[in-house]
Amino acid sequence: AEMLRGFIDTCRYPVVLAADLNTVPAQHTYRLVRGTLRDDFFGHTAGFGATFNYLAPNIRIDYLMSSRSLRCLQWYHHKEGFFDHDPLLADYNYPAQ
């Protein structure tokens with residue numbers, strides 16, 4: 001988590017992070033990785049946003065986060081997946097400077 005945070009902090013370009021962090025938003029790892037990134041779940045959906053289907057079907061451990069210079073146009077959670085984690089998709093726009 002610290003290496004990832006270090007990379008994001010030094011990256012010159014806008015970042016979209018799609019990650020299976022295996023941690024819930026209340027944990028230190030999530031907060032460390034998120035830093036100044038926007039968690040694009042918020043504002044685009046309601047509920048818990050559970051992404052893990054088998055051992056703990058009510059928790060969100062998969063994330064889409066982005067730099068604040070990007071605008072998340074839509075966020076989609078595929079709940080009909082065949083895997084233990086649900087796929088997440090988003091469309092982003094990089095507004096003209």
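Quick caveat: nothing in here was measured; it's all calculated off a predicted structure.

A. Fine view of the environment of arginine 68. Inspection of the secondary structure puts arginine 68 in the loop between β3 (62-66) and β4 (71-77). Residue classification places arginine 68 among the exposed residues on the basis of a relative accessible area of 54%. Once the C-alpha coordinates of arginine 68 and threonine 36 are considered, the two residues, 32 residues apart in sequence, prove to be 7.7 Å apart. Not counting residues up to four positions away in its chain, the partners in contact with arginine 68 are Thr36, Leu37 and Arg38. From its side chain, arginine 68 meets the backbone oxygen of threonine 36 in a polar contact 3.0 Å long.

B. Looking closely at the packing of aromatic side chains. Within this structure, the stated rule accounts for 3 aromatic pairs. Ring geometry for tyrosine 30 versus tyrosine 63: centroids 5.0 Å apart, planes at 45°, classification tilted. Of this pair, tyrosine 30 sits in helix α2 (residues 28-34) while tyrosine 63 sits in strand β3; the two residues are 33 residues apart in sequence, bridging distant segments of the chain. Taken individually, tyrosine 30 and tyrosine 63 each receive the classification buried, so the pair is uniform in this respect.

C. Structural detail: the sheet that holds strand β2 (residues 38-39). Pairing within the open sheet is antiparallel, and its 3 strands lie in the order β1-β3-β2. The open sheet has two edge strands, β1 (16-20) and β2, and neither has a second partner. With 2 bridges joining them, β2 and β3 adopt antiparallel strand pairing. Of the residues in β3, the one forming a bridge with aspartate 39 is methionine 65.

D. Focus on the pairing of β1. Every second residue of β1 is oriented toward a common face, the buried set being Leu17 and Ala19 and the non-buried set Val16, Ala18 and Asp20. When β1 meets β3, the two strands line up antiparallel, connected through 5 bridges. Each residue of the ladder has a partner; that of aspartate 20, found in β3, is aspartate 62.

Rules behind the numbers
- Residues numbered from 1 in each chain as written.
- Predicted model: local features only at pLDDT ≥ 70, side-chain atom pairs only at ≥ 80, totals over all residues.
- Heavy atoms only, no water.
- Helix = DSSP H or I, 4+ residues; strand = E, 2+ residues; numbered from the N terminus.
- Buried < 20%, exposed > 50% of the residue type's maximum accessible area, 1.4 Å probe, protein only.
- Contact = heavy atoms within 4.5 Å.
- Polar contact = N/O pair within 3.5 Å; in protein donor to acceptor, adjacent residues only side chain to side chain.
- Phe/Tyr/Trp six-rings, centres within 6.5 Å; stacked < 30°, edge-to-face > 60°.
- Pairing = 2+ DSSP bridges.

The analysis is restricted to geometry; functional conclusions fall outside its scope.
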